[in-house]
Amino acid sequence: MKRNCKFFSSLLLLICFLLIFQTTIVYSDNDDTSIIYGDLNGDGVVNSTDINLFRRYILEIITDIPNSNGTTVIDLDGNGQINSIDYIILCKYVLEIINTFPVENLSPDLPTPNNGLTEDEQLLFDLVNEKRIEANLEPFILDEGLTHIARILAQEMSDNYSVAPESSFDVLIRENKIPYTVAGMRTAGNHYIERAVNRWLESEKNYPIILNPTLSYTGVAILPNGKYGNSIVQIYIRK
């Protein structure tokens, strides 16, 4: 009788062990924590090496991310797009300005974030930031208040079929209580956003403003213009 009890006890312990072991294996195979956001080269560390890789990726010097998880690890705001905003977030993380990525704080019950830009405005924002990254400068940080002002000015341009607004941008900045020490603005009327940016950079007047390292915040706007195709506005400030 004792022998039977010991046998069944041993058998029960073995079954429990196997169940625990099996559960561990299943959990390990489906563990999402293996994704380390910002770790482009897959070495388990997020540092300046990853920033350099991201810079090369944005500039299309490289077309693939070394990390086996691909572009998932660099969609740092979780909006499904890879652009200069994600690059800014990575720089802030490495510099310890932030200690988590926005994508890590997303709730599955909430919609993905949206910076509020239209597709054309996002293209303008990215194109200018790509030029700054090429020049080894920090990319502009998008400012919602400046974008609001830029849209007011772009609407004036469209209403008047012009390439410049009537209102003064610095007055609007002050009226909207946005603190700044230096401010600038570039406008254009053009069917093609890329062409407008290239013309800004070809201008001796505009080039030093776009690539000014002391300017850090920007707002952008693009609206249809019946005469010129698009009313394009970008405002820059230093806070």
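What you see as residue numbers is a count from 1 along each chain, following the sequence as written. Totals for whole chains, interfaces and linings use all residues, but because this is a predicted model, local features are given only for residues with pLDDT of at least 70 and pairs of side-chain atoms are given and counted only at 80 or more. Computation of side-chain values: all heavy atoms of the structure, hydrogens and water removed.

Enquirer: Hey, could you run me through the pattern of salt bridges in this one?
Expert: Pairing is possible between side chains that carry opposite charge, provided their charged atoms lie close to one another. Each reported salt bridge corresponds to a side-chain nitrogen of Lys or Arg within 4 Å of a carboxyl oxygen of Asp or Glu. Considering all chains together, one arrives at three salt bridges under this definition. Across the pair Arg-174 and Asp-170 runs a salt bridge, and its minimum N-O distance is 3.8 Å. Taken together, the residues span about one helical turn, with Arg-174 and Asp-170 both in helix α6 (residues 169–175) at a distance of four residues. Burial classes follow relative accessibility: with a 1.4 Å probe on protein chains only, a residue under 20% of its type's maximum area counts as buried, one over 50% as exposed, and anything between as partly exposed. A residue is classified by how much of its surface remains accessible, and Asp-170, at 24% relative accessible area, is partly exposed. We count a stretch as a helix when DSSP gives it H or I for four or more residues in a row; a strand needs E for two or more, and each element gets its number in order from the N terminus.

Enquirer: Even after reading the chapter, I still don't get the confidence of the model for the chain, so can you show me in this structure?
Expert: Any region with low pLDDT has predicted coordinates that should not be read closely. What pLDDT conveys is the predictor's confidence in a given residue, as a value from 0 to 100. When pLDDT is averaged along the chain, the result is 82, and 81% of the positions lie at 70 or above. Looking at the elements of the chain, mean pLDDT is at its lowest for helix α1 (residues 2–29), recorded as 43, and at its highest for strand β4 (residues 229–238), recorded as 95. Contact between two residues is taken to exist if any of their heavy atoms lie within 4.5 Å; hydrogens are not considered. Contacts of residues 14–33 to residues separated by more than four positions or lying in other chains number zero contacts, the stretch itself having pLDDT below 50.

Enquirer: Just checking my understanding: could you explain the side chain of Arg-132 for this structure?
Expert: Secondary-structure assignment places Arg-132 in helix α4 (residues 119–134). The charged side chain of Arg-132 is buried without a salt bridge, its nearest counter-charge being Glu-138 at 7.9 Å. If near-sequence neighbours (up to four positions away) are discounted, Arg-132 is found in contact with Leu-137, Glu-138, Pro-139, Phe-140, Ile-210, Leu-211, Asn-212, Pro-213 and Leu-215. The positive count covers Lys and Arg only, the negative count covers Asp and Glu only, and His and the chain ends enter neither.

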